[in-house]
Amino acid sequence: MSELTIGILGGGQLGSLLCLGAKKLNINTVIYCDDKDAPAQNYANAFIFGDYKDEIKIKDFINKVDIVTYEFENIPFETLDLINQFKEVKPKPAINKIVQHRLYEKDFINKCNIGTARYVSIKEKSDLNSNIKLIPGILKTCRLGYDGKGQYKLNNPSDIENLNIDFSQEYILEKMINLKKEFSIILTRFSHSVHSVYEPIENEHENQILKYSKIPADIDNKIVSKAKDWASIIADDLDYVGTICVEYFMDRNDNLYVNEIAPRVHNSGHLTINSYNISQFENHIRAICGLGKQELKKLHDAKMINIIGEEIVSYRSKKYSDNEFFFDYGKKEIKANRKMGHLTVIQR
Ligand code: ADP
Ligand code: MG
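What counts as what
- Residues numbered from 1 in each chain as written.
- Chains lettered and ligands numbered in written order.
- Predicted model: local features only at pLDDT ≥ 70, side-chain atom pairs only at ≥ 80, totals over all residues.
- Heavy atoms only, no water.
- Pairing = 2+ DSSP bridges.
- Helix = DSSP H or I, 4+ residues; strand = E, 2+ residues; numbered from the N terminus.
- Axes fitted to C-alpha atoms, helices over the stretch in contact; angles between N-to-C directions.
- Buried < 20%, exposed > 50% of the residue type's maximum accessible area, 1.4 Å probe, protein only.
- Donors = N, O, S within 2.8 Å, 3.2 Å for Na, K, Ca; no water.
- Near = heavy atom within 4 Å.
- Polar contact = N/O pair within 3.5 Å; in protein donor to acceptor, adjacent residues only side chain to side chain.
- Areas by Shrake-Rupley, 256 points an atom, 1.4 Å probe, with all protein chains shown as cover.
- Nonpolar A, V, L, I, M, F, W, Y, C, P; charged D, E, K, R; others polar.
- Domains from an automatic or database assignment.
- Contact = heavy atoms within 4.5 Å.
- Buried area = accessible area lost by both parts, 1.4 Å probe.
- Salt bridge = Lys/Arg side-chain N within 4 Å of Asp/Glu carboxyl O.
- Parallel < 35°, antiparallel > 145°, perpendicular 65-115°, else oblique.
- Left-handed = near helix turned anticlockwise from the far one by under 90°.

This part is about the sheet that holds strand E8 (residues 171-175). Strand order in this open sheet of four strands is E5-E8-E6-E7, and the pairing throughout is antiparallel. Sheet topology places strand E5 (119-122) and strand E7 (151-154) at the edges, where each strand pairs with a single neighbour. Here the strands of the sheet are splayed against their neighbours by 20 degrees on average, with no regard to which way each runs. Where strand E6 (residues 137-141) and E8 come together, five bridges link them in antiparallel fashion. When the bridges of E8 are listed, Thr141 appears paired with Tyr171.

In structure tokens:
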């Protein structure tokens, strides 16, 4: 048994899969989550249920672990900063501060000379009226959005009035891109220029939620190398340690844009569990624990299907062949638009 214990903030499916990655390396895990039914408690050595702002419980967590990471970027910055004074948080909290705010995130990407959709900060209704050149566009809350939550599609200027937008929040308005493809690059950074980069993963969304991912992605080599370079620049510039995901858009003219950065393991990388010698989860644990880079080897082409809401019921009773890997997140409640599980199919 190893002496090392990792603390993970957040207890959903990404937390569960991080625990499994750690287990493979004989490393212990403690999950901290504000949901008492958090699925990851079934995979961790210990579980603490508490609010992310509960200092007493956070201190108890700090005492139980050697190093801390997180499964989603919306943990309050103050919490990460507090923890970091006692036990190292990786990736470091300063990164989280940038990436959990869509405006700071897009400004950062552009500062690296990397393209994004055109965007503008929206603080009040009049900001929208003076930026109708970005309509058709998508209005996104700066904070706490995921799976398309907190987004309004503005197809024409009259939608500014029609959509009943809640202006108590800050937004960015992004010009709508005529998408040909979406894909992601997942990279694990160990130290400067020491990266393991997975091949691009082609993603298809339904209702702004990831539905299908596959490798190989059907993308021109030139674009692949540009996207890999951009992901490396972003990771080095942030002085990132661990697994990071960069989501890309390609438009009808093959222009490349970064959509967003996830400072964590990513849903599109679930297929790395069965298609690579080292998954994105194991690699994250390796990097944050200073275990050093091992060469990635691809074992299989693969595709992954996200199982959303009620779909889970029929998947639970299906029979699977030996190239199919079904993972049920074990969430107590089935909700519409909620990710309930996934199925990876590898090609032998
Ligand atoms: P989330 O944080 O919810 O994942 P995203 O910004 O990634 O939010 O948006 C979710 C999905 O919505 C994207 O994967 C894409 O399919 C679509 N989308 C978002 N922004 C744009 C845009 N500017 N142009 C076209 N499609 C977009
Ligand atoms: Mg996204």
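Still more ground to cover, so stick around.
All right, on to unusual backbone geometry then. Residue Pro91 follows Lys90 across a cis peptide bond; omega there is -5 degrees. In this chain, Ile135 is followed by Pro136 through a cis amide linkage whose omega measures 5 degrees. In this structure, Pro136 sits in the loop between helix H6 (125-129) and E6. Phi at Asn113 takes a positive value of approximately 65 degrees, unusual for a residue other than glycine. Along the chain, Asn113 falls in the loop between helix H5 (102-111) and E5. A residue is classified by how much of its surface remains accessible, and Asn113, at 71% relative accessible area, is exposed.

Every protein donor of the magnesium ion (ligand 2) is accounted for by Glu247 (OE) and Glu260 (OE), and the metal-donor separations fall at 2.0 to 2.5 Å. One end of the pair, Glu247, is in strand E13 (residues 242-251); the other, Glu260, is in strand E14 (residues 256-262), with 13 residues separating them in the sequence. By relative accessible area, which is 12% here, Glu247 ends up buried.

With that settled, the discussion passes to the pairing of E7. By the alternation rule, side chains of E7 split into Tyr152 and Leu154, which are all buried, and Gln151 and Lys153, of which none is buried. Here E6 pairs with E7 via four bridges, running antiparallel. Counterpart to Gly137 in the pairing with E7 is Leu154.

Residues in close proximity to ligand 1 total 20 residues, the closest being Lys140, Gly148, Glu182, Asn259 and Glu260. Lys140 places a side-chain nitrogen or oxygen 2.6 Å from an oxygen atom of ligand 1. His205 has a polar side-chain atom sitting 3.2 Å from an oxygen atom of ligand 1. Taken by itself ligand 1 offers 550 Å² of open surface, and the protein chains cover 92% of this. At the level of elements, E6, E8, strand E9 (179-191), E13 and E14 are the ones that each hand at least two residues to the shell around ligand 1. Grouping the amino acids of the shell around ligand 1 by side-chain chemistry returns six nonpolar, six polar and eight charged. Two domains each put at least three residues into the shell around ligand 1: domain 2 (118-175) and domain 3 (179-347).

What the domain assignment reports for the protein chain is domain 1 (5-89), domain 2 (118-175) and domain 3 (179-347). Inter-centroid distance (C-alpha atoms) of domain 1 to domain 3 is 22 Å. Listed as interface residues are 20 residues of domain 1 and, on the opposing side, 24 residues of domain 3. Interface of domain 1 and domain 3: buried area, both sides summed, is about 1,900 Å²; carbon and sulfur atoms make up 71% of it. On the domain 1 side of the interface with domain 3, the three residues burying the most area are Gln13, Leu17 and Leu25, jointly 28% of the side's total. On inspection of domain 1 and its partner domain 3, the count reaches three salt bridges.

Attention now moves to the packing of helix H1 (residues 13-24) against helix H10 (residues 280-288). Running from N to C, H1 and H10 cross one another at 65 degrees; their axes reach a closest spacing of 8 Å. When the axes of H1 and H10 are compared, the pair comes out roughly perpendicular. When the axes of H1 and H10 are compared, the crossing they make is right-handed. Between H1, through Leu14, Leu17, Leu18, Gly21, Ala22 and Lys24, and H10, the contact on the second element is made entirely by Phe281, Glu282, His284 and Ile285. Of the residues belonging to the contact of H1 with H10, the class tally is six nonpolar, two polar and two charged.

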